Every structure is written in C-alpha cells, then in structure tokens.
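Residues per chain, in single letters:
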Amino acid sequence: MNIRRCRLALCSSLALVALLWGCGQGPVITADKSPRPVKAMVLTQAQSSETVSLPAILEPVDQAQLAFRVAGPVQNVLVQEGQRVAKGEVLMHLDPHDFEVQITEYQARLLEAEAQARQARQEQARVAAAGRDDAIARVELDRANTAVERTEAAVTIVEQRLQMMQDALSYSVLRAPFDGVVSNIEIDTHEQAVPALSVVTVHGDGGLQARVDLPEQLANRVHLGMAGALLLSNSDSTIPTEVTEISRSASVLSRTFRMTARLNRQPDNAWPEQTGLMQLSLASPDGAGFLIPTSALQSSGGQHYVALVNDGRIERVSVSVVGYDRDQVRVQGTLAPGNVLVVAGAPYFNDGDEVGDVLLGNQEAEL
C-alpha cells in the first residue's frame, strides 16, 4: 500500500518538473506599446458657402388645365391621353342643342324688336309732319320720340343676348391652346361639365423646367438668376439650371415657397413629374467654416471636438457645427489652413498622446 503511494507521488513530481521545464523554454510575448498610426488630412481654406440638395420635379414649361366656360353634357371626346394635338384642334365639345334653341329664340325676338322699332320710327315721322302743320300737340311728338328710343334700346338688348348665346355655343367647343400632348382627361362622354372645372390637361412642346419647394429657412437665401444643378433619378450627370421664379406666398400646409428653374439643356428621355435633386450653393448664414468628414468629428459631454496632429502628438480642439454639405460637416473653431486633422482613429487617443505614422489621404477640405 505504501509502495503504491510512493509511486504516485514520484510520477506527479516528474510530470510537474517536465511541465515547468517546457514552459521555461518557450518565447516571451510582450505587448506592443508603440504609438498608434492615424489617418489624417490637411485643411485648406475655410468655405463661406454650403451646397444644399432639395427634392425637385420636372414639369412642362407650357401646360394648361382646360375647362369649359359654360355648363352642359359632354357630347364627344375626340382625343385620348398621350395623343399629340395641334394648336386650335378640337378636343371635345358639349351638346349644342340647348344653345341652338336659345339662339333661335333670340333671333325671333330680334326680328320682333326690329319690327317694333321700324313702326316707332314711322309713327315718329307722321307725328313730326303733323307738328309742322300745327295739327298735333307737342306732347304727342315727345311720346313718339320716346317710343323710338325705347324700341331701339330693346333691339340692342336682344342683339346682345343673341350674341351671348352665340358665344356660349362657341364656348361649348374646347380647343388646344398650343401644340403639345394630351396629358390627362378627367371627363367622359355624357358626363356633365361644370364651368371652370378642369376636364383636360395639355402639355406643350416648349420643353421641361424644374420645380422645387423651398423651406422657409432657405427661401430668403435664394435669388433670381442663381445657378444650380439638377440631378435626375436614374441619371449620373447633372443639368445646369437657372432660377427664374420664386413665389413669395408660402403654401398653407407645407409652409414652403415654390421655386422654378430653367434647364440650360433639355435632358434625354425625361418626362413630366420625373423626380430629382436640385443642388444650390448658398452663402453660409453663420460665416465661413471648414468642411471635414463626419468621421473626424468627435463628441464628449455634449461638446464637439476634432483631433489635430501637432509635433507628433494629439491636440484636441473644440469646434461648433454650423452646417452640413452632402457627406461632410462644416465646423468653426481655432482651426487654420495647414492643420493636420485626424479623420480616422481619433477616439483611441487622449489629448497629448503621441501618434505613430500619419497617413495622409487625398481627401481635403474643398473651397
């Protein structure tokens, strides 16, 4: 029994010795405490303007929502949506029956009024002749003159009403105001047309323009003639634009102001209501600032700061954010052109820490 215990103790001792000997022979691993490298950029001049991108939509330069000036049932719709039309071409017309009946009635009334007027003039001539012979009292001549004036006025009234009915008949025919394409038809045959209610929309051949809804905070920073660039959906290139109209009455619901911009060249294969982004370069209301990547901006305790490389060490500089420009942020602070700004790795350093290699990329603050 004692011999077994001795053997077990001996084996354990030998195993422990072998383990300690093996560990002592391996390489010693030490932590790498050399300064970390950083990616940085060199600041150039501060920028006093910012580029904003706003939703835009294409619309025809010439477009008209047409409506009848008179009421009545639609007799014929002579065009279809998407159909090309020429200026003056008939698009649709109302049932003319009621207008023709009233024209006939007023034509008859006009004949009656003209007959009464002729009779009054004849009576006036007879009374005037009798008056020259002192065969009739003066009052009769006055009555004859009044009758002539009254019947001639009645003729004028009937003539005007007849003209109104003839005009109404012409208004029952809707014509294209210019060469273009029928965009939308909102009424069908036999339906009742209401005066001033649009029934058809026509887009002209004068090209397209861009419409933008300006937010209140930007409306006073945009002016007529301002240049811009339109980037349409499914397009990789921008179209130069020029602001031609700015509404000074805000939309009641959205509180935005309508802006219209002319396209300096017409896009290929574009269509009305195609969407895009309008890019405008606006003067910064808060003064000049440096454009930096968002990765370079750090926050701590509600304060913003950036990290500069100064004599091989990190220097934290407090900044304030004054705007955004696409994928960059505009900041102000004690920064100057030529400063080396850390754009990657700043969170791993404290103020005054030594840095390793400084990797300068090709991303710099632009004018």
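Nothing here was measured: the structure is a model prediction, and the numbers come from that model.

Caption draft 1: Region of interest: helix α3 (residues 138–171). Relative to the 50 Å expected for 34 residues at 1.5 Å per residue, α3 spans 50 Å between its end C-alpha atoms, a close match to the ideal helical length. Every buried residue belonging to α3 is among L141, A144, A147, V148, T151, V155, V158, L162, M165 and A168, and all of these are buried. Summarising the contacts, the buried residues of α3 are in contact with α2 (97–132).

Caption draft 2: Representation of the nonpolar core. Core analysis: the biggest nonpolar cluster contains 24 residues, and L214, V222, L230, M259, M278 and L280 have the highest contact counts within it. For this core, the secondary structure elements donating two or more residues are β2 (49–60), β11 (208–215), α4 (216–219), β12 (227–232), β13 (238–246), β14 (256–263) and β15 (275–283). The contacts of L280, once residues within four sequence positions are left out, are E50, T51, V52, V222, M226, A227, G228 and M259. In this structure, L91, V182, I187 and A193 belong to the second largest nonpolar core, which totals 21 residues.

Caption draft 3: Molecular detail of the pattern of salt bridges. Scanning the model with the defined rule gives nine salt bridges in all. Here E123 ties to R126 by a salt bridge, and the two come within 2.3 Å at their closest N and O atoms. Here E123 pairs with R126, and both are found in helix α2, just three residues apart, close to one helical turn. Using a relative accessible area of 48% as the deciding quantity, one classes R126 as partly exposed.

What counts and what doesn't
Residues numbered from 1 in each chain as written. Predicted model: local features only at pLDDT ≥ 70, side-chain atom pairs only at ≥ 80, totals over all residues. Heavy atoms only, no water. Helix = DSSP H or I, 4+ residues; strand = E, 2+ residues; numbered from the N terminus. Expected span 1.5 Å × (residues − 1). Buried < 20%, exposed > 50% of the residue type's maximum accessible area, 1.4 Å probe, protein only. Contact = heavy atoms within 4.5 Å. Core = buried A, V, L, I, M, F, W, Y, C linked by side-chain atoms within 4.5 Å. Salt bridge = Lys/Arg side-chain N within 4 Å of Asp/Glu carboxyl O.

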